[in-house]
Amino acid sequence: MQKAFPRIRVLRNAACFAAAMLAASLLTQLPAAMAAGPADTDAREVVRLINGVRAAAGKSALNVDLFLASQARDGAIPCPDTAGTIAGRAQDFAAYGQSNHLLRNCGVPAGTYQLSGVNYIDELRAKLGYGAASVGEIIGMNSGYGTGQLLYTYSSFSTWTYSTTGHMVNGWLGSSSHAAIVLGTYDRVGCGAWSPSGSTVYYDCLFAKGGPAPNGLAAPPTASPFGAPVPPPAPTPVRTPAPAPATRAPVAATPVPTAVVTPTPAPTPTATPSPSLAPTAAPTVQEVAAAVWPSAPAPSVPAGSDMMPRGASTQGGGSAVTAASGGAMVAGFAGLFLVFWRRRRSAGQP
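Residues numbered from 1 in each chain as written. Predicted model: local features only at pLDDT ≥ 70, side-chain atom pairs only at ≥ 80, totals over all residues. Heavy atoms only, no water.

J.: Sorry, what's going on with the overall build of the protein here?
T.: Counting its regular elements, the protein contains nine helices and 12 strands. In the protein, which comprises 350 residues, the proportion classed as buried is 29%. Partitioning the intrachain contacts of the protein with sequence separation of at least 6 by distance along the chain shows that 65% fall at a separation of at least 24. Element-wise, carbon and sulfur atoms account for 62% of the exposed surface of the protein, whose accessible area totals about 22,400 Å². (Helix = DSSP H or I, 4+ residues; strand = E, 2+ residues; numbered from the N terminus. Buried < 20%, exposed > 50% of the residue type's maximum accessible area, 1.4 Å probe, protein only. Contact = heavy atoms within 4.5 Å. Areas by Shrake-Rupley, 256 points an atom, 1.4 Å probe, with all protein chains shown as cover.)

In structure tokens form, the structure reads like this:
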């Protein structure tokens, strides 16, 4: 009998192994822990990156308003619902793990987080003396990036910075409303940063155009916290156009002599007289006799008489007359035959 396989134990061991591997992978990916408290170096670096981005976009640099920087970090802010104060924007975010443009209520049980309907910017104008100024605020939180070195690049601006600050500024520029404030028509800025623990950092930046600046203005930071030189940008590959095919100069066409053909004159047809069909007069007895017997004397026959003379005797002693009569008859038949033959030739008959 086959022994049952302990499935439950195998599944439990596999789950424990998977959990151990996950924990090990997370530990190897975690950045160095940051101390809880203000992250002033991060705040200064955010100001430097903002001015670098503005310069690449053709905007003027922003001076640091020290009062706004204090408000963004841990400066006292009046509570919207009681007479107490809130300990700055970034520190308050880190204490409650919440961030919002609205102020939280102070008159609630300890540990309770409750938002009011009061926007901090309105308090900055109404109670903190910036009513006549154009002001703006951007906030954010980064977790997991740490303070490692990062080559930050925006357009023509490139510098070494902290990984967390570089990703924070990129996150703001990825939002149209936040980018409009970063690149807005302001003349001063104040940023604060605070870390509750580990690698999490909360940021707050306040912008203004004009204002009282009760703590004064300061020049913005310009030096990178890392001394490594920025590598030169990779050259942009330039596509070289393929050379145009060589153009041949046009060669004048040599005219080909045209053969002149002189037409051979057609032979002039020689008119061949068609055989006349006109009736041919019958030859006379004298003509026939002359043709048959050219040496014989032509018989004398009176015009209008018969072939035989009247009154001539045929009995004895008449041999000359008889011979003449016979010759005349032969000549007559020959003449008739000749006329008949010439007419057939004229008619094209053989």
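J.: Explain the packing of helix α3 (residues 66-73) against helix α4 (residues 89-96) to me, please; I cannot follow it from the model alone.
T.: One way to put it is that α3 packs onto α4 with a least axis distance of 3 Å and a crossing angle of 5°. Between α3 and α4, the angle is such that the two are roughly parallel. Residues Q71, A72 and R73 of α3 form the contact with α4, whose participating residues are R89, A90 and Q91. Partitioned by chemical class, the residues of the contact of α3 with α4 number two nonpolar, two polar and two charged. (Axes fitted to C-alpha atoms, helices over the stretch in contact; angles between N-to-C directions. Parallel < 35°, antiparallel > 145°, perpendicular 65-115°, else oblique. Nonpolar A, V, L, I, M, F, W, Y, C, P; charged D, E, K, R; others polar.)

J.: What should I look at first to understand the nonpolar core in this one?
T.: Burial of nonpolar side chains together is a common tendency in soluble globular proteins. With 28 residues, the main nonpolar core has V46, I50, V169, W172, C205 and F207 as its most contacted residues. When residues of this core are traced back to their parent elements, those giving at least two are α2 (40-56), α6 (163-173), α7 (176-182), β10 (188-195) and β11 (201-209). The element best represented in this core is α2, accounting for six residues. Counting residues in each nonpolar core, the second largest holds 17 residues, with F67, I77, L103 and I121 among its members. (Core = buried A, V, L, I, M, F, W, Y, C linked by side-chain atoms within 4.5 Å.)

J.: I tried to follow empty space enclosed by the protein on my own but got confused; where do I start?
T.: Left-over empty space is what a probe sized like a water molecule reveals as it rolls over the atoms. Applying the stated rule across the entire model yields one cavity of 30 Å³ or more. Counted as a void, the largest cavity has a volume near 50 Å³. Taken together, R89, D92, F93, N100, L102, L103, R104 and Y113 form the lining of the largest cavity. Those elements that place two or more of their residues in the lining of the largest cavity are α4 and β5 (102-104). By residue class, the composition of the lining of the largest cavity is four nonpolar, one polar and three charged. (1 Å grid on protein atoms, 1.4 Å probe; cavity = no way out; pocket = protein on both sides within 12 Å on 5 of 7 lines; lining within 4 Å. Points joined across faces, edges and corners; volume = space filled by probe spheres on them.)

J.: Please clarify how the packing of α2 against α6 should be interpreted in this entry.
T.: If you want to describe how two helices pack, look at the angle between their axes and the distance between the axes. Where α2 meets α6, the axes come as close as 9 Å, and the angle between the chain directions of the two elements is 45°. Regarding the angle of α2 to α6, the classification is oblique. For the pair α2 and α6, the crossing hand works out as right-handed. Contacts between α2 and α6 involve D42, E45, V46, L49 and V53 from the first element and T164, T165, G166, V169, W172 and L173 from the second. The residue makeup of the contact of α2 with α6, split by class, is six nonpolar, three polar and two charged. (Left-handed = near helix turned anticlockwise from the far one by under 90°.)

J.: Is there a simple way to explain the pattern of salt bridges in this structure?
T.: Overall, the coordinates contain 10 salt bridges when judged by the stated rule. The residue K127 makes a salt bridge to E123 at a minimum N-O spacing of 3.2 Å. E123 gets classed as buried once you look at its relative accessible area, which sits at 9%. One salt bridge in this structure joins D187 and R188, with 3.2 Å as the shortest N-O distance. Taking relative accessible area as the criterion, R188 reaches 8% and is therefore assigned buried. Each of the salt bridges in this network shares a partner with another, and the network as a whole consists of D40, R73 and D74. (Salt bridge = Lys/Arg side-chain N within 4 Å of Asp/Glu carboxyl O.)

J.: Teacher, can you tell me more about the state of the cysteines here?
T.: As used here, a disulfide is simply a covalent bond connecting the sulfur atoms of two cysteines. Evaluation of the coordinates by the stated rule reveals two disulfides. In this model C79 forms its disulfide with C106; the gap between the sulfur atoms is 1.8 Å. Its S-S torsion of approximately -80° makes the covalent link between C79 and C106 left-handed. Of this pair, C79 sits in the loop between β3 (76-78) and β4 (85-87) while C106 sits in the loop between β5 and β6 (115-119); the two residues are 27 residues apart in sequence, bridging distant segments of the chain. The exposure class of C79 is buried, given its relative accessible area of 4%. Taken in N- to C-terminal order, the disulfide-linked cysteines of the protein are connected 1-2, 3-4. (Disulfide = S-S within 2.5 Å.)

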